[in-house]
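Coordinate inspection notes
So you can see what is in the structure, the chains are spelled out below.
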Amino acid sequence: MLDIYAGENALKTIQEHGFKQALFTNFLGASGGPKWFTLFGLDKYLFGDFFKGRTTELNLIGSSSGAFRAACFAQNDPVTAISKLAEKYAYTTYADKPTIADISQSALNIVEHLLDKQGINGIINNEIFKAHFIVAKSKGLTSFENKIAQGSGLLASVLLNKIDRRLLGYQYDRYVYRSKSSKVKILDPYNFNTHYIDFTKENISNALLASGAIPLMMAGIKDIANSPKGTYRDGGIIDYHFDFSLAQNNEKNANQKLNRTYNNTDNKTKGLTLYPHFNAAPKAGWFDKSSSRKVLNKSYENTVLLVPSAKFIDSLPFNKIPDRNDFKNFSDDTRIKYWLTVLSETDKLAENLNELIYNQDISKIKAFIPR
């Protein structure tokens with residue numbers, strides 16, 4: 001039911017020490033909308049059991065739906081929070097032809113449902129589970145709300161990305177909204193300008209909303225508090241499934257230095273990253289979805305991926321995982337029933353993982369190979 005893949009150093013570490021929560025210092029959550037429903041059972045198990053009682057920090061890094069999940073895991077009751085999020089999203093409905101305003105309002109409703117005063121305080125003050133929301137700040141035509149201008153900018157993004165992923169840096173900067181005490185730095189082989197902004201009560205909700213603001217589907221978020229003025233959009237534009245590694249760093253504004261030394265970094269000195277993901281072929285950015293570009297091996301040396309198997313996916317209704325097209329391809333009743341079934345079925349993945357950890361059956365973990 002569950003496939004587990006580990007990068008070279010992660011596999012060696014687990015073979016030596018076992019599959020233990022103390023080995024992990026980071027947790028990743030990818031973009032993908034309702035695709036994350038296939039990870040729901042794992043999320044409940046990991047933060048209701050596996051990481052329960054943890055006394056050392058765990059950095060929760062997410063873009064788009066992954067940021068929403070991180071916002072749940074950093075709250076005082078993560079299982080209740082992730083369950084609230086899943087239920088709210090599953091029961092979301094739209095008119096036959098929803099407008100950008102309709103979809104934006106729906107996203108705002110979800111954020112307000114998830115981040116009440118208690119939830120916000122829990123995230124900001126959590127010294128163990130430290131949330132990080134990845135957001136893309138748009139530049140040039142991609143910052144416009146006009147569909148023609150924005151569409152032209154996105155077309156340029158497609159072409160630039162096809163030539164060289166680094167060229168997207170002309171159109172987007174990466175912003176990481178995070179816990180004030182976080183020392184995490186992104187080691188990025190593509191050298192995107194990366195800025196770190198501390199959470200405040202004034203910016204956290206808009207930062208989360210921006211992380212899921214899909215271009216052409218939702219309005220960008222303007223002028224987030226405590227941030228440079230501009231338009232902020234879905235973090236998955238740059239970091240869809242991620243192609244970077246992570247480090248702890250105390251040096252202020254050390255981003256450029258870290259990026260320059262990416263290829264010389266000794267990954268064997270870092271903690272591991274746990275990454276529940278809905279497939280075994282992660283793509284770096286949003287514009288790589290249909291690309292043959294592979295993530296770099298080095299970015300995943302310390303990463304363990306938890307992936308629903310093809311057999312599990314075939315057992316789901318319609319033999320597939322949920323996605324945004326379900327809103328238009330199914331009636332509301334059919335879609336909701338389907339999504340709720342998926343949420344329930346994912347408990348089997350958690351049972352698989354728990355069994356592996358209990359028995360320490362490390363032989364079932366496969367080497368991660370980019371594809």
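Residues numbered from 1 in each chain as written. Predicted model: local features only at pLDDT ≥ 70, side-chain atom pairs only at ≥ 80, totals over all residues. Heavy atoms only, no water.

**Comments concerning the packing of aromatic side chains**
For the coordinates displayed, the defined rule picks out 28 aromatic pairs. Their ring planes at 50 degrees and their centres at 5.6 Å tell us that phenylalanine 19 and phenylalanine 24 sit as a pair that is tilted. As far as the burial class goes, phenylalanine 19 and phenylalanine 24 line up, both buried. In textbook terms, an aromatic cluster arises when at least three aromatic residues are bridged by ring pairs, as seen for Phe19, Phe24, Phe27, Phe47, Phe50, Phe51, Phe73 and Phe129. Over the ring of tyrosine 190 we find arginine 165; its NZ or CZ atom is 4.7 Å from the centre of that ring. Positioned above the aromatic ring of tryptophan 339 is the side chain of arginine 335, whose terminal nitrogen or guanidinium carbon lies 4.7 Å from the ring centre. (Phe/Tyr/Trp six-rings, centres within 6.5 Å; stacked < 30°, edge-to-face > 60°. Buried < 20%, exposed > 50% of the residue type's maximum accessible area, 1.4 Å probe, protein only. Lys NZ or Arg CZ within 6 Å of the ring centre and 35° of its normal.)

**Considering the packing of helix α4 (residues 78–90) against helix α5 (residues 100–114)**
In the contact formed by α4 and α5, the axes pass within 10 Å of each other and the chain directions differ by 155 degrees. When the axes of α4 and α5 are compared, the pair comes out roughly antiparallel. Crossing geometry of α4 relative to α5 is assigned as right-handed. Of the residues in α5, those in contact with Ala81, Lys84, Leu85, Lys88 and Tyr89 of α4 are Asn109, Ile110, His113 and Leu114. (Axes fitted to C-alpha atoms, helices over the stretch in contact; angles between N-to-C directions. Helix = DSSP H or I, 4+ residues; strand = E, 2+ residues; numbered from the N terminus. Parallel < 35°, antiparallel > 145°, perpendicular 65-115°, else oblique. Left-handed = near helix turned anticlockwise from the far one by under 90°. Contact = heavy atoms within 4.5 Å.)

**Quick notes on the side chain of asparagine 302**
Within the secondary structure, asparagine 302 sits in the loop between β11 (272–276) and β12 (303–308). Among the polar contacts made by the side chain of asparagine 302, one reaches the side chain of asparagine 9 at a distance of 2.5 Å. (Polar contact = N/O pair within 3.5 Å; in protein donor to acceptor, adjacent residues only side chain to side chain.)

**A look at the pairing of β11**
Most of β11 is tucked away: five of the five residues are buried. Neither face of β11 is open: one carries Leu272, Leu274 and Pro276, the other Thr273 and Tyr275, and all of them are buried. Where strand β2 (residues 24–29) meets β11, three bridges bridge the pair, whose relative direction is parallel. Bridge pairing links phenylalanine 24 to leucine 272 in β11. Looking at chain direction, β11 and β12 are connected through four bridges and run parallel. Looking at β12, one finds that leucine 274 is bridged to valine 304. (Pairing = 2+ DSSP bridges.)

**A word on the environment of serine 83**
Within the secondary structure layout, serine 83 lies in helix α4. Note on serine 83: relative accessible area 27%, which makes it partly exposed. Serine 83 sits 40 residues away from aspartate 43 along the chain, and the two C-alpha atoms are 9.6 Å apart. Excluding its chain neighbours within four sequence positions, the residues that come into contact with serine 83 are Phe40 and Lys44.

**Concerning the nonpolar core**
In this structure, Phe19 and Phe133 are the most contacted members of the largest nonpolar core, which totals 82 residues. Filtering out sequence-adjacent residues up to four positions away, phenylalanine 133 remains in contact with Gly62, Ala67, Ala70, Ala71, Tyr175, Val176, Tyr177, Phe199, Ile204, Ala207 and Leu208. Residues Ile61, Tyr196, Phe244 and Ala280 belong to the second largest nonpolar core, which totals 19 residues. (Core = buried A, V, L, I, M, F, W, Y, C linked by side-chain atoms within 4.5 Å.)

**Quick word on helix α7 (residues 147–163)**
Taking 1.5 Å per residue, 17 residues should reach 24 Å; α7 reaches 24 Å between its end C-alpha atoms and fits that length. Three or more residues of α7 are buried, namely Ala149, Gln150, Gly153, Leu154, Ser157 and Asn161. End-on, the buried residues of α7 take up no more than an arc of 130 degrees, which puts them together on one face. Exposed and oriented more than 90 degrees from the buried face of α7 are Ile148, Leu155, Leu159, Lys162 and Ile163. Check the buried side of α7 and you find it contacts β5 (172–178) and β9 (231–234). Its side-chain oxygen at 3.0 Å from the backbone nitrogen of isoleucine 148, asparagine 146 defines the N-terminal cap of α7. (Expected span 1.5 Å × (residues − 1). Arc of directions from axis to C-beta.)

Honestly, it's all geometry; don't read function into it.
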